[in-house]
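Secondary and tertiary structure notes
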Amino acid sequence: LPPPMEAVPCKPLFFDLACNFIEFPNLDDKTGAANNKKQGAGLTG
Amino acid sequence: MTYHLPSCQKMSANKENNLVQAYVELNKFCQNGDYERALKAAGKVLQISPNEQKAFHCKVVCFIHLHNFKEALSVLCNPKNAALASDLVFEKAYSQYRLNCPKDALDTVDSASELTPALKELRAQILYRLEQYQECFNLYRDIVKNTDDDYEDERKANLSAVVANLAAINQSADLPTFE
């Protein structure tokens, strides 16, 4: 015989927000993009 | 001797050029979220120059995005990579957290020299997993107060979950209410 039904609290929602901080580093200094930007800034003043 | 210098310089210039090309490739895959290819590109950079910290960082991020937390933790913990991994405390703790090792993850977070916003957010989630709800609640209250991003609703849901657990443990506790 199954036990009588009983109300239980539901498992609360819990979000993983730390995963949003897993990011690639900026590679501009490695690809030469930083140098190009500097030159561009020089040209346009 | 006079013949050696130019050839060495040429080799070094070639290597430099290859390295930049490999990084350009890596950057492309990172930006369009192609983690499999980015992983290979990061490996190529490290083949040319094994001490490239940024390429190593990308490799770890790729493993995490591919949900290969075991491999991420393995490369981070390899003694050979100690110097490359020293700044990646958050990535290490997050991998441990996802591998269901919240105690190790907490130790890693607390070993960091500075509790950055990322480490704080992760620390709160670890405390929840460890069922240390009171400390978790205090930390979330601090984070909610001092953070302004697109995840305020989700964070409030997390805070509610902590409060629900506190209430379940201690029915008579003086719990906060939400207005």
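Residues numbered from 1 in each chain as written. Chains lettered and ligands numbered in written order. Predicted model: local features only at pLDDT ≥ 70, side-chain atom pairs only at ≥ 80, totals over all residues. Heavy atoms only, no water.

**With respect to unusual backbone geometry**
Residue and element names in this part refer to chain B. Test applied: Secondary structure counts use DSSP, requiring at least four H or I residues in a row for a helix and at least two E residues in a row for a strand, with both numbered from the N terminus. Each residue is assigned to one of three classes by its accessible area relative to the maximum for its type, calculated with a 1.4 Å probe on protein chains only: buried under 20%, partly exposed between the two thresholds, exposed over 50%.
Despite not being glycine, histidine 67 has its phi angle at roughly 60°, a positive value. Tracing the backbone shows histidine 67 in the loop between helix 3 (53-65) and helix 4 (69-77). On the basis of relative accessibility, which here comes to 52%, the residue histidine 67 falls in the exposed class. The backbone of asparagine 100 shows a phi angle near 65°, a positive value even though the residue is not glycine. Checked against the element boundaries, asparagine 100 lands in the loop between helix 6 (89-98) and helix 7 (102-111).

**Describing the packing of helix 3 of chain B against helix 6 of chain B**
Helix packing geometry: the angle between the two helix axes and the distance between the axes. Residue and element names in this part refer to chain B. The following threshold applies: Lines are fitted to the C-alpha atoms to define the axes, a helix being fitted only along its stretch in contact, and any angle between axes, read from their N-to-C directions, falls within 0 to 180 degrees. Any angle that is under 35 degrees is reported as roughly parallel, and any over 145 degrees as roughly antiparallel; angles of 65 to 115 degrees are reported as roughly perpendicular and all others as oblique. The sense of a crossing depends on the near helix, which, turned anticlockwise from the far helix by less than a right angle, makes the crossing left-handed and, turned clockwise, makes it right-handed. Here, two residues are considered to be in contact whenever any of their heavy atoms come within 4.5 Å of each other.
Running from N to C, helix 3 and helix 6 point in directions that differ by 20°, and their axes come no closer than 11 Å. It follows that helix 3 is roughly parallel to helix 6 by the angle criterion. Crossing handedness for the pair helix 3 and helix 6: left-handed. In this structure, helix 3 contributes His57, Val60 and Ile64 to the contact, and helix 6 contributes Glu91, Tyr94 and Ser95.

**Brief notes about the nonpolar core**
All names here are of chain B. Put simply, the rule reads: Side-chain atoms within 4.5 Å link the members of a nonpolar core, which is a set of buried Ala, Val, Leu, Ile, Met, Phe, Trp, Tyr and Cys residues.
Of all hydrophobic cores here, the largest spans 56 residues; its most connected members are Leu26, Phe56, Val60, Tyr94, Leu122 and Val162. Here this core takes eight residues from helix 3, the largest share from any one element. Setting aside anything within four residues of it in sequence, one finds valine 162 in contact with Tyr128, Tyr133, Cys136, Phe137 and Tyr140.

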